Amino acid sequence: MKRMILTTALAAMTGLATAQTTVPDPLVAQDGTRIETAAQWREKRRPELLEFFAKNMYGRAPERPKDLLVEVFDRDPHALGDKATRLQMALYPGGKSGPRLDLLVYLPNQVKGPVPAVLGLNFWGNQAIHPDPGIRITESWIEENRQTEGNPPKVQNHRATEASRGLNAKQWPVERILSHGFALATMYREDVAPDHEPYFSTGLQALYPEFQKGDENFGCMGAWAWSLSLALDALEKEPAIDAKKVALFGWSRLGKAALWAGARDERFAAVISNESGAGGAKLFHRGVGEDIERLNRVFPHWFARSFKPYAGKDTELPFDQHLVLSLIAPRPLYVGSAIDDKSADAEGEYASVKAAGPVYKLLGGEPLPAETWPAVDQAVLGKSLAYHVRTGKHDVLDFDWDHYLEFLDQRLK
Ligand code: GCU
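Here's what I pulled together on the structure shown here. Quick caveat, the model's predicted, so the values are computed rather than measured.

**Brief notes about helix H10 (residues 346-362)**
For H10, which comprises 17 residues, the first-to-last C-alpha distance of 26 Å matches the rise-based estimate of 24 Å (1.5 Å per residue) to within 8%. Maximum bend of H10: about 35 degrees, positioned at Ala-356, with proline Pro-358 one to four residues after it. Where burial is concerned, most of H10 is hidden: 14 out of the 17 residues are buried. Positive phi appears at Gly-364, one or two residues downstream of H10, with a value of about 95 degrees.

Below you can see the structure in the form of structure tokens.
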């Protein structure tokens, strides 16, 4: 296997060492052929990488239903003080008796459609992204932790209460996104696939039991990514949305899913990964931060069983996450890191973006215009690739959205 050497030399003023990592060359096929044209990438390398990742990491996914049942159960043109039209649709990929996925959409009222959109999964239910009393509260299981405490509690017996409205609003600046002329669409991770025990028991995984068998099983990442494509199927039917301009957004585990969704489904116009870390944007080869062993031990339901034997082999893998980023090329991709998010290895996320550069170049895009790891809080917005590492911990902050929206303004309008 041909490898490429990456140097993520830091600005001398940071006083940190130069790091060198060697990763598989994205432009050398498994049989050793050098990929020199866009056609070779499309016909040979892209299919073999998709096959490799399905087989060894994310698992296999069913075909999506051609006749997806979508029920629009809410359309309020006076939402958010007349700023938005709120749409809520129930998606039934297995028909009415199967799982129900609620897709919440806000359309900006100040612009005439069709409008570009940001689509992402959320952590706490659709009602958690905004205090809007019109959002249907999820009936799916919800994680309880410090965020959900309170009087009255926001979650009780793992079900959301009225008090859960807006519990995660800080991470979802809905009005700001709308003010840029973007629609916002979101679904709840637990509607799609259970992120708690008993694993694989509800949602899409229960709908497709045959895809749970064997080593190439349809884990959470596979299901979450698949659900984003399903959401796009539904958005394509909505005339107010410009479905050719839908950008994915995801934070943390949902950022991992957004990257895989963007890699597989070329209908997505752009991808934003916010601190997706291990199994997301970061390179395992650096051996920094969360590793494959931990990822599979703590979250055995996220990736396919076939990924587990790679535990302990992080620095000698025949693949790495820059190849997933490469599958997004030449579409715009923004990777955001946080300096205190140690397990996500901010520098490794940068190195991964750099390593996807040659593929972007081959396909008519541009590599990230930064020769060294950018200083903290210095966002680098290239023509195709963008990156920042900001001050602070694992979270979604205004700083992140400031730059994501700037990038999307430039790339999607
Ligand atoms: C854990 C996990 C990360 C993940 C994060 C999250 O911290 O180790 O890989 O990104 O959870 O999704 O919140």
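**Points about the sheet that holds strand S10 (residues 241-251)**
With mixed pairing, the 10 strands of this open sheet are ordered in space as S3-S4-S5-S9-S6-S10-S11-S12-S14-S13. Two strands in the sheet have a free side with no partner beyond their single neighbour: strand S3 (69-78) and strand S13 (380-381). In the sheet, S3 pairs with strand S4 (residues 84-92) via 7 bridges, with the strands oriented antiparallel. Across the sheet, the residue bridging to Asp-74 is Gln-88, located in S4.

**Re the packing of aromatic side chains**
Two aromatic rings are characterised by how far apart their centres lie and by the angle between their planes. Enumeration over the complete set of coordinates arrives at 26 aromatic pairs. Aromatic pair Tyr-199 and Phe-200: ring centres 6.2 Å apart, planes at 65 degrees, arrangement edge-to-face. An aromatic cluster is present here, built from Phe-52, Phe-53, Tyr-58, Trp-260, Phe-284, Phe-303, Phe-307, Tyr-310 and Phe-319 joined pairwise through their rings. Across the ring face of Phe-73, the terminal group of Arg-100 is positioned such that the distance to the ring centre comes to 4.9 Å. The ring of Phe-182 has Lys-413 lying over it, and the distance from NZ or CZ to the ring centre is 4.9 Å.

**A closer look at the pattern of salt bridges**
Where charged atoms from two side chains of opposite charge approach closely, those side chains can pair. Applying the stated criterion to the full structure yields 33 salt bridges. Here Glu-216 ties to Lys-55 by a salt bridge, and the two come within 3.5 Å at their closest N and O atoms. Linking Glu-216 in the loop between helix H5 (203-207) and helix H6 (220-236) with Lys-55 in helix H1 (residues 38-58), this pair joins segments that are 161 residues apart in sequence. By relative accessible area, which is 39% here, Lys-55 ends up partly exposed. With its nearest N and O atoms 2.7 Å apart, the salt bridge here joins Asp-102 to Arg-100. Take Arg-100: its relative accessible area is 28%, and that puts it in the partly exposed class. Salt bridges sharing partners connect three or more residues here, namely Arg-64, Asp-233, Glu-236, Asp-265 and Arg-267.

How each quantity is defined
Residues numbered from 1 in each chain as written. Predicted model: local features only at pLDDT ≥ 70, side-chain atom pairs only at ≥ 80, totals over all residues. Heavy atoms only, no water. Helix = DSSP H or I, 4+ residues; strand = E, 2+ residues; numbered from the N terminus. Expected span 1.5 Å × (residues − 1). Bend = angle between axes of the 7 residues up to and from the residue. Buried < 20%, exposed > 50% of the residue type's maximum accessible area, 1.4 Å probe, protein only. Pairing = 2+ DSSP bridges. Phe/Tyr/Trp six-rings, centres within 6.5 Å; stacked < 30°, edge-to-face > 60°. Lys NZ or Arg CZ within 6 Å of the ring centre and 35° of its normal. Salt bridge = Lys/Arg side-chain N within 4 Å of Asp/Glu carboxyl O.

Limitation: the analysis is restricted to geometry and does not speak to function.
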